[in-house]
Amino acid sequence: MPKAANRSGLTQALAPMTSRATERPPDYSLNISAYSDADDLFHCGRYKEALALFRNSADADPEDGDCWIAIGSCHDALKQPARAEAAYRKAMTLCEPEWHPALHFNMGNSCFDRGMYALAIQHYLRVPRGHKAWPDAERNRKLALMQQAGRRLHGDVYHSAVPRSGPA
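Residues numbered from 1 in each chain as written. Predicted model: local features only at pLDDT ≥ 70, side-chain atom pairs only at ≥ 80, totals over all residues. Heavy atoms only, no water.

**Q** Which residues make up the nonpolar core, and what values go with them?
**A** Soluble globular proteins tend to bury their nonpolar side chains together. Counting 23 residues, the largest nonpolar core has F54, I71 and L103 as its most contacted members. Where this core is concerned, the elements lending two or more residues are α2 (28-43), α3 (47-60), α4 (65-77), α5 (81-94) and α6 (100-113). C111, A120, I121 and V127 belong to the second largest nonpolar core, which has 12 residues in total. (Core = buried A, V, L, I, M, F, W, Y, C linked by side-chain atoms within 4.5 Å. Buried < 20%, exposed > 50% of the residue type's maximum accessible area, 1.4 Å probe, protein only. Helix = DSSP H or I, 4+ residues; strand = E, 2+ residues; numbered from the N terminus.)

**Q** Lay out unusual backbone geometry with the relevant residues and their values.
**A** At K79, a position not held by glycine, the phi torsion is positive, near 60°. Residue classification places K79 among the exposed residues on the basis of a relative accessible area of 70%.

**Q** Would you mind going over the packing of aromatic side chains in detail, with residue names and values included?
**A** Following the criterion strictly, the structure yields 4 aromatic pairs and no others. With a centroid separation of 5.1 Å and an interplanar angle of 65°, the aromatic rings of Y35 and F54 are classed as edge-to-face. On the criterion of sequence distance, the pair formed by Y35 in helix α2 and F54 in helix α3 is long-range, its members being 19 residues apart. Residue classification places F54 among the buried residues on the basis of a relative accessible area of 0%. (Phe/Tyr/Trp six-rings, centres within 6.5 Å; stacked < 30°, edge-to-face > 60°.)

**Q** Break down the environment of R46 for me, with residues and values.
**A** Relative to the elements of secondary structure, R46 occurs in the loop between α2 and α3. For R46, a relative accessible area of 40% puts it in the partly exposed group. Residues R46 and L78 lie 32 residues apart in sequence; the distance between their C-alpha atoms is 9.8 Å.

Next up, the structure:
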């Protein structure tokens, strides 16, 4: 379980996603077909249905980081930032390092949505200049600084799901 899952709420958020994983070999066929169907539903805005299929896909191969990114994106779309962050943290443990900046961006958004501005800023700062998520991370970092200072926002935090086709 990710180190930060010990924070309040994250342990509960991860429980339903990790409890079904057992010591069985991955079922790659189910993983791919469930993921494909879920991706279609996600792009149609049917996030609850997509989430169920992404979970099936993750159950078929619990080590598939793409599934955990997609699960986080569904939770984000469903306005469940603690669950989104938990899924992104799980993805961080499974994905190659080139994915980490985009995952930090998404975790920053999850923290922002929960009013955890200092932690959001820390995540946004971990997105390097030059990464495609950097302009949005920098904008959201400035918005979080304004929120910390008690100023009203003149726009919403920018949300963007990590693209599942590639990290950079």
